[in-house]
There are 4 protein chains.
Amino acid sequence: MKRDIKICYIGGGSKLWARVFMSDLAVAEGLSGEMALYDIDREAAERNAKIGVRINENPNTKSKLEYKVYDKLEDALSGATFVLLSILPGTFKEMRSDVHTPEKYGIYQSVGDTAGPGGVLRAMRTVPIYEDFAKKIKEICPDAWVINFTNPMSICIKVLYDVFPEIKAFGCCHEVFHAQKLLTVMLKELRGIDVHRSQIYTDACGVNHFTWITRARYEDIDLLALVPEFAEKFGEEGYYEEGDDRFAFETNPFAYGNKVKIDLFEKYGALAAAGDRHLAEFLPNKWYLKDPETVKAWKFGLTTVDYREADQAQKIADTIEMAEGRKEFEVVKSDEEAVELMKALLGGGTVVSNVNMPNRGQMPQMPLGSIVETNCVFSNDTVSPVVSRPLPTGASNLVYRCCVNIDNTYLGIKERDLDKIYQAFVNQALCNSLSMEESKELFREMCLNTREYLDPYYDLDTYFGC
Amino acid sequence: MKRDIKICYIGGGSKLWARVFMSDLAVAEGLSGEMALYDIDREAAERNAKIGVRINENPNTKSKLEYKVYDKLEDALSGATFVLLSILPGTFKEMRSDVHTPEKYGIYQSVGDTAGPGGVLRAMRTVPIYEDFAKKIKEICPDAWVINFTNPMSICIKVLYDVFPEIKAFGCCHEVFHAQKLLTVMLKELRGIDVHRSQIYTDACGVNHFTWITRARYEDIDLLALVPEFAEKFGEEGYYEEGDDRFAFETNPFAYGNKVKIDLFEKYGALAAAGDRHLAEFLPNKWYLKDPETVKAWKFGLTTVDYREADQAQKIADTIEMAEGRKEFEVVKSDEEAVELMKALLGGGTVVSNVNMPNRGQMPQMPLGSIVETNCVFSNDTVSPVVSRPLPTGASNLVYRCCVNIDNTYLGIKERDLDKIYQAFVNQALCNSLSMEESKELFREMCLNTREYLDPYYDLDTYFGC
Amino acid sequence: MKRDIKICYIGGGSKLWARVFMSDLAVAEGLSGEMALYDIDREAAERNAKIGVRINENPNTKSKLEYKVYDKLEDALSGATFVLLSILPGTFKEMRSDVHTPEKYGIYQSVGDTAGPGGVLRAMRTVPIYEDFAKKIKEICPDAWVINFTNPMSICIKVLYDVFPEIKAFGCCHEVFHAQKLLTVMLKELRGIDVHRSQIYTDACGVNHFTWITRARYEDIDLLALVPEFAEKFGEEGYYEEGDDRFAFETNPFAYGNKVKIDLFEKYGALAAAGDRHLAEFLPNKWYLKDPETVKAWKFGLTTVDYREADQAQKIADTIEMAEGRKEFEVVKSDEEAVELMKALLGGGTVVSNVNMPNRGQMPQMPLGSIVETNCVFSNDTVSPVVSRPLPTGASNLVYRCCVNIDNTYLGIKERDLDKIYQAFVNQALCNSLSMEESKELFREMCLNTREYLDPYYDLDTYFGC
Amino acid sequence: MKRDIKICYIGGGSKLWARVFMSDLAVAEGLSGEMALYDIDREAAERNAKIGVRINENPNTKSKLEYKVYDKLEDALSGATFVLLSILPGTFKEMRSDVHTPEKYGIYQSVGDTAGPGGVLRAMRTVPIYEDFAKKIKEICPDAWVINFTNPMSICIKVLYDVFPEIKAFGCCHEVFHAQKLLTVMLKELRGIDVHRSQIYTDACGVNHFTWITRARYEDIDLLALVPEFAEKFGEEGYYEEGDDRFAFETNPFAYGNKVKIDLFEKYGALAAAGDRHLAEFLPNKWYLKDPETVKAWKFGLTTVDYREADQAQKIADTIEMAEGRKEFEVVKSDEEAVELMKALLGGGTVVSNVNMPNRGQMPQMPLGSIVETNCVFSNDTVSPVVSRPLPTGASNLVYRCCVNIDNTYLGIKERDLDKIYQAFVNQALCNSLSMEESKELFREMCLNTREYLDPYYDLDTYFGC
């Protein structure tokens, strides 16, 4: 296994996630080298560097990396073995428009960063940034492995491969892990068997945040066959699988009771494998997101940007506390898998996990080149997608439509063609209950709200006749 | 050219269309043989036979066929050179449910026989009938050419080829002709050039009733380039291309002002080539069918079943008058093309026209095996689809979704699987603004309303918990 | 119909074919404008211009064009409505190597310009020339229709579309016409019915010079069903369908007795639709081209380059005689179809004929983008391929292999990669009986023989270690 | 992990391989249950049962299975968890014809059981037997995992899936392991690093016995990049990677010096991953199998059936000695992987290995449904193919042709259509240097030689005009 590495971490300055990742690295054995931190908010990167110093002092730490903050992206990329991308495209101001402007038109979004009107607008801000990333990686570190965590995930991966087809990139997302966790909960609640999700085999496929588990087994037990029994017992009240409180969705807007998932299982015969708040956004808005009451009845929440802002402020404060040694934190292995995938790529064994990559045959029912999430085999400097079991027809059609929407959103943005973007916008499942006047007006309003990020690429005044 | 033929005409007893077709045959040169009439309403077939006698007496008639009414379908099929299918699946009672029940849920349908909830229910009645046709044709007259006029067109063709893959069948529809007519009107109004639609070349493709013209030329003139100018001049008030009164849509529910077509042209860059009342049903219901006022503003109409019933009664009365010699009618060539296609198949030259057939490559962007409408070359005993020009991306996605909906509707019905049919039902563009409770309830109500035709195939009581 | 046109005719200076084409144009009604003649051998172009003057004086001439000779290709192309490409890539010296060098290795070629070692070498000379044509057409007359007559046909069309994907190009070849003619001969000999080939409908598909007729009808008669009877009666002695002498193959190396065609029909169940001398080159060399005796037994000939040279000298002499008025010639409609296709493209009606174009779905079994020959519909400024009937499996595999060979030959030449070209070279059916040493040596010898045309693109000395 | 199993082992009575497999099972931990032995030669099965008893007495044995011999295949299959297929289709008499009859026509075969004329004839005997297996498995133990070891491998898997599409079957072959072993030898010889093949990651794909490694890495080292250096050093003299004697090919007809492999690497840029004696049979016969001298120069051998017969007699004698306790044998883990794959399927972890399965997308360049060999992920009751890296174009074409040949051989046999089988026969690379008379005569002779196995399915007398 290669051991001396340089990780270039772009963004990640505003989230606890960086610390989790850094801890996972620290407890891995036998790594050394540099963690190059770059964030357009330099202070954020510096906070992470300080956390890095703390981690290196921790007794659990086995791999010490040198944490360095860079002023220039190019320097951070230079010589990188891995490039991690974890940015916020725009600010909370733009996110506020993405999430809340559609509410005036009766379109509620529980997340607003992937599918639906919010996802399209966020994609419009993201694509130019990622075009730049892809060009720089091609030029500076074409051999680096690029791991994306930014949303909209599929669009990010699409840009990277479109600009630099030989790129070695994939996208990691932990939503499927939650569904695997839910399956272990079922096993515990219904059969009294206590296992970690890594002990069950699942075949998952779809597009990011709208992935489906088509097969899941533990020993002799077909776990999907447990779903109806689980639904019978816990489906009414809901069950959140993370943490101790299965009713967390009553207080925590990131939690959910899995009722949407169970309903979709009954309809389509496969287990949708992402948080309910993500799943709902890929379906007609009258289904699970009709209005706040409907959302509540389905036991999930509408994450407001106010909440996000407060939440992030708290996380930054925590990070400062930790960075300055006033707050303890543990250096232990998390449930994330990125570091394990990295080790496999460095030659440290073979791992199978689900990530996002261009479809080269792994989902034969979907368009080639669309970004799909499936199991992949990670091995020495290689990621190979695993051909997934076909989805049931009904679910397959839903996913196909998502692929088409993502591909066309990207195509329109790539060509800076507002007509094409608008065609993809109205074709979002969440937008299908709007009249044409409404959808036009909503698109206009959302574009103008976020024009600071769009003006360099589009002539909005002419297009919208301002 | 083969001249001595037997045409087996199934249905067609309740419409003037049979007379038009019989007149077209009569004025064709050099045909002889038999027209075998079969209708489950024997009286209707007999009316047509009497019309046939009148036609044979007409001085314009060049080809005299012997008109015979049959009691048994098998006998009518025996020895057939051509089989014409033109039936009503169910009665006005069922049609009333198809068209008007969804209105209670805010779903207005201008036709209700193709896409949308009405189309799905009508398909459920049609498939078993066509399975029987296909089996009998396979057994009795496997070499006959089968021409379908029944709606839902795509489903009918799908059944025929699925049950009997070697069948020689295609589906004829005159909707594209209207769009060609509209193009000639543009040429007349804007350039002062007066031509028949047969003088312009068009490349049309899509699914039946949602077909698009991607190219249209007369001499040096690109006709699609005229659309914006036409829209400017006549788009506001509307323009119905048939007959003398361009405002016919104000009084005639079958007429329309082409405003939907023009709006789609502006959005998608190709000319949707079916009546506006058909087109609207393939799109989200808030676009053109939101409510009766919206429909009126778009200059088309909601055809009520009351109107249809009265209209048909009048047509039958007319037919009786004609059959009994009390009402004159002309024996002249109409604007329909079926007889010309038949002559080409008999070896009388080569004709290019648009018909519905399984996709074997003629629309490479659509699923193979889906029923698509494109130009085809008709020649001696052969129909060969012509590869169509690719649709603009946005329109292509809309059509793809239709293909998927049709294929899945058929699959569910073929397997008599109400869950799968319901999945296709909720995936109709017209249904995308319904909540799940509403769509479930609507599906239930429509099934129970028409159960007389469904009970032999489904256990509705168990499924709907009656 | 558009009438005032400019035809840019590139090459064609050394063949009688130019005169035939010019006569066909002359007897067409209602055309006017210019014929721009360009040939790297300016004298040849001038001869054709003089022939043009003679034609314009002829009483049969209805359409008089102005014949002008150009010094610069760019000027000839400027403003062109049509561009005709009919060149010889290289000289007889290179052709001599293409055709005869392989004979030293036991590889006999009857034509040597399409498949087999000669075809590959000729392709190596042709591609750079056509790359230049495509670039100039793109720049100077992107809207012109480009009609190719040069061999290797498939490679020529491939280059044009690869360099300029929006080009409006197709390739015309009369080989299928001969097979249609043969079918009319069968009808005459076996059934006493005398018709022109245009009266029978055929469905032909494949790659140029290896096209197959899968269906052919006249009135009620299935013409392919006549082949065994014809084989029984005339198959032993052979039958050449052109002209009065069915034994012409005994004296004329361009003639053939159709025994290969009949043999392939027995093996594969479809009628190979090109001259036997072409067909034989697509099959293992031990089948029909094992040695001169085998060729003779199969009733076709090995066209030597000596013969070709003498033949061309005679044709040039004839042309001079005609140009200078010392020899009479008729101005009448020939059996070629190019002018009819051009008229259709100018808006003068719809014509169906077989030409070579990139596969967009017309042969769903073949790779998309391969150049295939199928029926196409010619209409106002449009050529649309017709989906062909599937070939019988065995024939389909043979054609597939040709597509792959052509695509890979082109790919190697495009990349100027001798390794890849050699891989395509050894994969030719004619080369499959060579040992590796032989095929390497043959490839080397053929490249070096024709290095005058290859040196600008390849470093042959290094590659072959000279 | 499921532990109590029934393994139904069909055939395997004449080879040492059964003992190796039984030993691997014995040293695996935690298995119990039954090994049901069935062989048309009951004595052979009984010998294996006795070996089983010996194994159970061995101190290394951790898993004791009950060995039972069955008279009826149906009983052996009943209740099976696994079905192992390892038969000889026909006897040495037929094999003698397969291998040696073509030599009269200049076609030498080094194995004669996969590609080439021998492979086709062997397939003709195999298909009916496997049709029967597939039907019985479908009826008796549809949930069993079926592991095939019989050749022709691709044909066997093709039959199983064609007759019973839901079958859970794959084909195991150790040829790729040898190529992996060769890579470890290169690492040792050139870099002094000593590793087991399981420590290197390889991406292999192709068809059985014509598989290619497109990527192979150990730590930081690209192993394919070592090939030229290895070729330089050992390529001239040859290097057999198994055992201590790298010149084993001089005495052992199953050994080979890897010169073919190295030559193909130079030509096509990927490492062909099967024994040279297999590889040579997929290529034109003049390349490596021109005559016995050529074979010798390429450092491999023509395995005669005399040798095979003697070799098997010796193996049977050995088996008897072992079964009766007169000869010692070791119960240790072999280098085969079947037992590890079985354990993974029983829920004992995840394993990646290369096996043969229908192409569902794992080789997007090959026809869907063709049997391809690629890496697959083995996990709890699931085998999922891994999408392979694309082959270099030249190699891809060679493999594609193999897929087509296999598919068509199967199609012809399935339809009992000698014409179609003959079309596939002449399309074998090894047959491409035959004249038509020769190939017809060879086919006839080989069919008649083995008619005992063909007469139930074909009317050879009529076909060959005996």
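Per chain, residues are indexed from 1 in the order of the written sequence. Here the convention is simple: chains get letters from A, ligands get numbers from 1, in the order in which they are written. Totals for whole chains, interfaces and linings use all residues, but because this is a predicted model, local features are given only for residues with pLDDT of at least 70 and pairs of side-chain atoms are given and counted only at 80 or more. Note: side-chain values were computed over all heavy atoms of the structure, leaving out hydrogens and water.

Draft legend 1. Structural detail: the overall build of chain A. Only runs of H or I of at least four residues qualify as helices and only runs of E of at least two qualify as strands under DSSP, and these elements are numbered from the N terminus. A count of helical and extended segments in chain A gives 19 helices and 13 strands. Here chain A has a C-alpha radius of gyration of 22 Å; the compact-globule value for 466 residues is 23 Å, and the two agree. For chain A, the C-alpha atoms occupy an extent of roughly 60 × 55 × 45 Å along the three principal directions. Here's how the labels work: a residue is buried when its accessible area is under 20% of the maximum for its type, exposed when over 50%, partly exposed in between, all with a 1.4 Å probe on protein chains only. Classification of the 466 residues of chain A by burial places 65% in the buried group. A contact between two residues is defined here by any heavy atoms of the two lying within 4.5 Å. Once local pairs closer than 6 in sequence are excluded, the contacts in chain A between residues at least 24 apart make up 70%. We get accessible surface area from the Shrake-Rupley algorithm with a probe of 1.4 Å; when it comes to residues, only the shown protein chains can shield them. Total accessible area on chain A stands at roughly 16,100 Å², and carbon and sulfur atoms take up 48% of it. Averaging the locations of the 54 positively and 71 negatively charged side chains of chain A gives two centres separated by 2 Å. Just to be clear, the radius of gyration here is over C-alpha atoms, and the globule rule we use is 2.2 Å times residues to the power 0.38. Note on charges: Lys and Arg go in the positive column, Asp and Glu in the negative column, and His and the chain ends are not counted at all. Note that the charge is assigned to NZ on lysines, CZ on arginines, CG on aspartates and CD on glutamates.

Draft legend 2. Examining the interface of chain A and chain D more closely. Between chain A and chain D, the residue contacts involve 27 residues of the former and 27 residues of the latter. For the pair chain A and chain D, the two sides together bury roughly 2,200 Å², of which 47% comes from carbon and sulfur. For this analysis, a salt bridge means a side-chain nitrogen from Lys or Arg found within 4 Å of a carboxyl oxygen belonging to Asp or Glu. One can count four salt bridges joining chain A with chain D. Put simply, the parts of the chain that give the side of chain A that touches chain D at least two residues each are strand 7 (201–207), strand 8 (210–218), strand 12 (371–379) and strand 13 (382–385) of chain A. When two parts are brought into contact, each loses some accessible area as probed by a 1.4 Å sphere; the total of that loss over both is the buried area.

Draft legend 3. Geometry of the domain arrangement of chain A. All names here are of chain A. Residue ranges for the domains trace back to a domain assignment, done automatically or taken from a database. What the domain assignment lists for chain A is domain 1 (3–91 + 114–172) and domain 2 (92–113 + 173–303 + 336–466). The centre of domain 1, based on its C-alpha atoms, is set 22 Å off from the matching centre of domain 2. Buried surface at the junction of domain 1 and domain 2, summed over both partners, amounts to about 4,500 Å²; 70% is from carbon and sulfur atoms. Considering only the surface of domain 1 that becomes buried against domain 2, Thr-91, Met-124 and Lys-158 emerge as the three largest contributors, covering 15% of it. The interface formed by domain 1 and domain 2 contains five salt bridges. With its nearest N and O atoms 2.7 Å apart, the salt bridge here joins Glu-131 to Arg-416. We call two N or O atoms a polar contact when they sit within 3.5 Å, provided that within protein one can donate a hydrogen and the other can accept it, with sequence-adjacent residues counted only if both atoms are side-chain atoms. The tally of links from domain 1 across to domain 2 stands at 17 residue pairs in polar contact (both at pLDDT 80 or more). Secondary structure elements with two or more residues in the side of domain 1 that touches domain 2: strand 1 (4–11), helix 1 (17–27), helix 5 (116–140), strand 5 (145–148), helix 6 (153–163) and strand 6 (168–171).

Draft legend 4. The relation of the copies chain A and chain D, seen in detail. Copy-to-copy alignment: least squares on C-alpha atoms, limited to residues at pLDDT 70 or above in both. Here chain A sits on chain D after a turn of 180 degrees about the axis and a move of 0.0 Å along it, with an RMSD of 0.0 Å. On this basis, the relationship between the two copies can be described by a two-fold rotation axis. A high fraction, 100%, of the interface residues of chain A reappear at the interface in chain D, so the copies pair face to face through one surface.

Draft legend 5. Structural context of helix 9 (residues 259–268) of chain B. All names here are of chain B. Burial analysis of helix 9 places nine of its 10 residues in the buried class, the great majority of the element. Regarding helix 9, the residues found buried are Lys-259, Val-260, Lys-261, Ile-262, Asp-263, Leu-264, Phe-265, Lys-267 and Tyr-268. The positive-phi residue at the C-terminal boundary of helix 9 is Gly-269, with phi of around 75 degrees.

Draft legend 6. Representation of the relation of the copies chain B and chain C within the structure. For the pair chain B and chain C, the best superposition has an RMSD of 0.0 Å and corresponds to a rotation of 180 degrees with a translation of 0.0 Å parallel to the axis. A shared binding surface is used by both copies, with 100% of the interface residues of chain B retained as interface residues in chain C.

Draft legend 7. Spatial organisation of the packing of helix 5 of chain A against helix 17 (residues 436–449) of chain A. All names here are of chain A. The interhelical angle for the contact between helix 5 and helix 17, taken along N-to-C directions, is 40 degrees, at an axis separation of 11 Å. The angle between helix 5 and helix 17 places the two elements in the oblique class. Seen along the crossing, helix 5 lies across helix 17 with a hand that is right-handed. The segment helix 5 lies against helix 17, with Pro-117, Gly-118, Leu-121 and Met-124 engaging Leu-442, Phe-443, Met-446 and Cys-447. Three categories are distinguished: nonpolar for Ala, Val, Leu, Ile, Met, Phe, Trp, Tyr, Cys and Pro, charged for Asp, Glu, Lys and Arg, and polar for the others, with Gly belonging to the last. A breakdown of the residues in the contact of helix 5 with helix 17 according to their chemical character gives seven nonpolar, one polar and no charged. Angles here are taken between N-to-C directions and fall from 0 to 180 degrees, while the axes themselves are lines fitted to C-alpha atoms, restricted in helices to the stretch in contact. Here the angle decides the label: under 35 degrees means roughly parallel, over 145 means roughly antiparallel, 65 to 115 means roughly perpendicular, and every other value means oblique. Helix crossings are classified by the rotation of the near helix relative to the far one: an anticlockwise turn of less than a right angle makes the crossing left-handed, while a clockwise turn makes it right-handed.

Draft legend 8. Inspection of the environment of Glu-29 of chain C at higher detail. Residue and element names in this part refer to chain C. Within the secondary structure layout, Glu-29 lies in the loop between helix 1 (17–27) and strand 2 (32–38). A C-alpha to C-alpha distance of 39 Å links Glu-29 and Met-366, two positions 337 residues apart in sequence. With near-sequence residues (within four places) excluded, Glu-29 lies in contact with Met-1, Arg-3, Lys-62 and Ser-63.

Draft legend 9. Summary view of the interface of chain B and chain C. Counting from both sides, the interface comprises 27 residues of chain B and, opposite them, 27 residues of chain C. Of the roughly 2,200 Å² buried at the junction of chain B and chain C (both faces included), carbon and sulfur atoms supply 47%. Remark: the boundary between chain B and chain C carries four salt bridges. Where Asp-381 of chain B meets Arg-217 of chain C, a salt bridge forms, and the shortest distance between an N and an O atom there is 3.5 Å. For the side of chain B that touches chain C, the secondary structure elements donating two or more residues are strand 7 (201–207), strand 8 (210–218), strand 12 (371–379) and strand 13 (382–385) of chain B. The residue inventory of the side of chain B that touches chain C, partitioned by class, reads 10 nonpolar, eight polar and nine charged.

Draft legend 10. How the structure looks around the environment of Asp-98 of chain A. Residues and elements named next belong to chain A. Turning to its location among the elements, Asp-98 is positioned in helix 4 (residues 92–100). Accessibility expressed as a relative area gives 0% for Asp-98, which makes it buried. Residues Asp-98 and Gly-118, spaced 20 residues apart in sequence, show a C-alpha to C-alpha distance of 4.1 Å. Setting aside anything within four residues of it in sequence, one finds Asp-98 in contact with Gln-109, Gly-112, Gly-118, Leu-121, Arg-122, Arg-125, Met-446 and Thr-450.

Draft legend 11. Spotlight on helix 17 (residues 436–449) of chain C. What a helix should span is 1.5 Å times the count of its residues minus one. Here helix 17 of chain C is 14 residues long and its end C-alpha atoms lie 20 Å apart, about the 20 Å a rise of 1.5 Å per residue gives. Met-436, Ser-439, Leu-442, Phe-443, Glu-445, Met-446 and Cys-447 of chain C are the residues of helix 17 of chain C that are buried.

Draft legend 12. Just the arrangement of the chains, in detail. The closest approach of any C-alpha atom in chain A to one in chain C is 15 Å; the two make no contact. A gap remains between chain B and chain D, which never touch, and the nearest two C-alpha atoms on either side lie 15 Å apart.

Draft legend 13. Summary view of the side chain of Lys-286 of chain C. With respect to the secondary-structure elements, Lys-286 of chain C resides in helix 11 (residues 285–288). Nearest to the buried, unbridged Lys-286 of chain C among oppositely charged side chains is Glu-438 of chain D, at 6.3 Å. The residues contacting Lys-286 of chain C, other than those within four sequence positions of it, are Ser-433 of chain C together with Lys-286, Ser-433, Leu-434, Ser-435 and Met-436 of chain D.

Draft legend 14. A look at the pairing of strand 2 (residues 32–38) of chain A. Residues and elements named next belong to chain A. The element strand 2 is largely enclosed, with a buried count of five among its seven residues. Any two strands with at least two DSSP bridges between them are considered paired. Pairing of strand 1 with strand 2, which is carried by seven bridges, proceeds in the parallel orientation. In the strand pairing of strand 2, Tyr-9 is matched with Leu-37. Here is how to tell: hold the view so the strands point away, follow the path from the first strand over the helix to the second, and if it runs clockwise the crossover is right-handed. The parallel pair strand 1 and strand 2, bridged by helix 1, forms a crossover whose chirality is right-handed. Bridging between strand 2 and strand 3 (residues 65–69) involves five bridges; their strand directions are parallel. The partner of Met-35 across the bridge, within strand 3, is Tyr-67. Once the chain exits strand 2 it traverses helix 2 (residues 42–57) before rejoining the sheet at strand 3, and the crossover so formed is right-handed.

Draft legend 15. How the structure looks around the packing of aromatic side chains. Centres within 6.5 Å are what make two rings of Phe, Tyr or Trp a pair, Trp counting through its six-membered ring; a difference in plane orientation under 30 degrees is then read as stacked, over 60 as edge-to-face, and the rest as tilted. The final tally for this structure, using the stated rule, is 94 aromatic pairs over all chains. Taking the centre distance of 5.5 Å and the plane angle of 80 degrees together, the rings of Phe-210 of chain B and Trp-212 of chain B count as edge-to-face. The exposure class of Phe-210 of chain B is buried, given its relative accessible area of 0%. You can call Trp-212 of chain B buried: its relative accessible area is 0%. Considering the side-chain rings of Trp-212 of chain C and Tyr-268 of chain C, the 6.2 Å spacing of their centres and the 80 degrees angle between planes classify their relative orientation as edge-to-face. Remark: Tyr-268 of chain C occurs in helix 9 (residues 259–268) and Trp-212 of chain C occurs in strand 8 (residues 210–218); sequence separation between them is 56 residues. Note on accessibility: Trp-212 of chain C and Tyr-268 of chain C belong to one class, buried. Cluster of aromatic residues (ring-pair linked, three or more members): Tyr-422, Phe-425, Phe-443, Tyr-463 and Phe-464 of chain A. Any Lys NZ or Arg CZ that is within 6 Å of a ring centre and within 35 degrees of that ring's normal is treated as a charge sitting over the ring. Cation over ring: Lys-259 of chain A sits above Trp-298 of chain A, and NZ or CZ is 5.9 Å from the ring centre. For the cation-ring pair, Lys-267 of chain C lies above Trp-287 of chain C, with the distance from its terminal atom to the ring centre recorded as 5.7 Å.

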